[in-house]
Amino acid sequence: DKASLFRSLNAIDRFAAVINLSRVNENIFSHKKSKQRYLDYAFKISLKRALQEMIGEGKIPTDYAESLYVLMDEHTTATNGRYELQEALDSEFRTGTYNFNWQRFHPPILPKLEVVDFKMRDSQADPLIRAADIVANRTFFHARTGRLNELKDSVRFTVMP
């Protein structure tokens, strides 16, 4: 069952983005592309914060220089949206990003990282994606019922915005 699969992932670091819709500009969700860009941003920031926590805990060395493989459940998105997310992940983790609005450079969190590989997978064919769906559903349930704090020891979550 899903609860036992969730418990079987105890040795795995899990993360989730929780979006507080009441705090999101209504224009973002009025257009399909801007909504997808925001969801990709929330995913990227949540992954970044989870990785930063794992670096801080010593689970990932700061001089990690291999590859980072990011798998995501397939969803409808324009092909260029996939490339944009791939590039955003690469910048955030490997090369750094520059915020033009605030004139600020954010250095990469894993500057020696060689490759950020991003792939979209079908949850029917990939057990890791099915496991991610379970984490997402459990986080959604706890957020909707006001019990998000119950997950703090099992899921790293970032509340957006």
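Refer to the structure above for everything that follows.
Residues numbered from 1 in each chain as written. Predicted model: local features only at pLDDT ≥ 70, side-chain atom pairs only at ≥ 80, totals over all residues. Heavy atoms only, no water.

*Asks:* Would you mind going over the overall build of the protein chain in detail, with residue names and values included?
*Replies:* Check the secondary structure of the protein chain and you find 4 helices and 6 strands. In sequence order, the secondary structure elements of the protein chain are arranged as α-β-α-β-α-β-β-β-α-β. Expressed as lengths along the three principal axes of its C-alpha atoms, the size of the protein chain is roughly 45 × 40 × 30 Å. A burial count over the protein chain gives 34% of its 161 residues as buried. (Helix = DSSP H or I, 4+ residues; strand = E, 2+ residues; numbered from the N terminus. Buried < 20%, exposed > 50% of the residue type's maximum accessible area, 1.4 Å probe, protein only.)

*Asks:* So what's going on with the pattern of salt bridges? Residues and values would help.
*Replies:* It is possible for side chains bearing opposite charge to pair when their charged atoms get close. In the structure shown here, the tally under the stated rule is 11 salt bridges. Residue Lys 48 is joined to Glu 92 by a salt bridge in which the shortest nitrogen-to-oxygen separation is 2.6 Å. Of the two residues, Lys 48 is situated in helix H2 (residues 32-56) and Glu 92 in helix H3 (residues 79-95); the sequence distance between them amounts to 44 residues. As far as the burial class goes, Lys 48 and Glu 92 line up, both buried. With a closest N to O distance of 3.7 Å, Asp 126 and Arg 121 form a salt bridge. (Salt bridge = Lys/Arg side-chain N within 4 Å of Asp/Glu carboxyl O.)

*Asks:* A description of the environment of Glu 114 should follow, citing residues and the corresponding values.
*Replies:* Mapped onto the elements, Glu 114 comes out in the loop between strand E4 (104-106) and strand E5 (115-121). Residue classification places Glu 114 among the exposed residues on the basis of a relative accessible area of 56%. Residues Glu 114 and Ser 67 lie 47 residues apart in sequence; the distance between their C-alpha atoms is 5.7 Å.

*Asks:* Which residues make up the packing of aromatic side chains, and what are the values?
*Replies:* Counting across every chain of the model gives 4 aromatic pairs. Relative to Tyr 41, the ring of Tyr 38 lies with its centre 6.2 Å away and its plane at 40 degrees, an arrangement referred to as tilted. One end of the pair, Tyr 38, and the other, Tyr 41, are both in helix H2, 3 residues apart, so they sit about a helical turn from each other. One aromatic cluster is present, built from ring pairs that chain together Phe 29, Tyr 38 and Tyr 41. (Phe/Tyr/Trp six-rings, centres within 6.5 Å; stacked < 30°, edge-to-face > 60°.)

*Asks:* Go over the side chain of Arg 156 with me, naming the residues and quoting the values.
*Replies:* Within the fold, Arg 156 resides in strand E6 (residues 156-160). Polar contacts involving the side chain of Arg 156 include one to the side chain of Glu 57, which spans 2.8 Å. Among all residues touching Arg 156, those that are not within four sequence positions of it are Asp 13, Arg 14, Phe 15, Ala 16, Ala 50, Glu 53, Met 54, Glu 57 and Lys 59. (Polar contact = N/O pair within 3.5 Å; in protein donor to acceptor, adjacent residues only side chain to side chain. Contact = heavy atoms within 4.5 Å.)

*Asks:* How would you summarise the pairing of strand E1 (residues 15-19) if you had to cite specific residues and measurements?
*Replies:* Where burial is concerned, the two faces of E1 differ: the one with Ala 16 and Val 18 is buried and the one with Phe 15, Ala 17 and Ile 19 is not. Here E1 runs beside E6; their pairing, made up of 5 bridges, is parallel. Following the sheet pairing, Ala 16 is matched in E6 by Phe 157. (Pairing = 2+ DSSP bridges.)

*Asks:* Describe the environment of Ile 19, naming the residues involved and giving the relevant values.
*Replies:* You can see Ile 19 is positioned in strand E1. Of the residues examined, Ile 19 reaches a relative accessible area of 24% and is grouped as partly exposed. Along the backbone, Ile 19 and Ala 42 are 23 residues apart, and their C-alpha atoms lie at a distance of 7.9 Å. Apart from the residues within four sequence positions on either side, Ile 19 is in contact with Val 24, Tyr 38, Leu 39, Ala 42 and Met 160.

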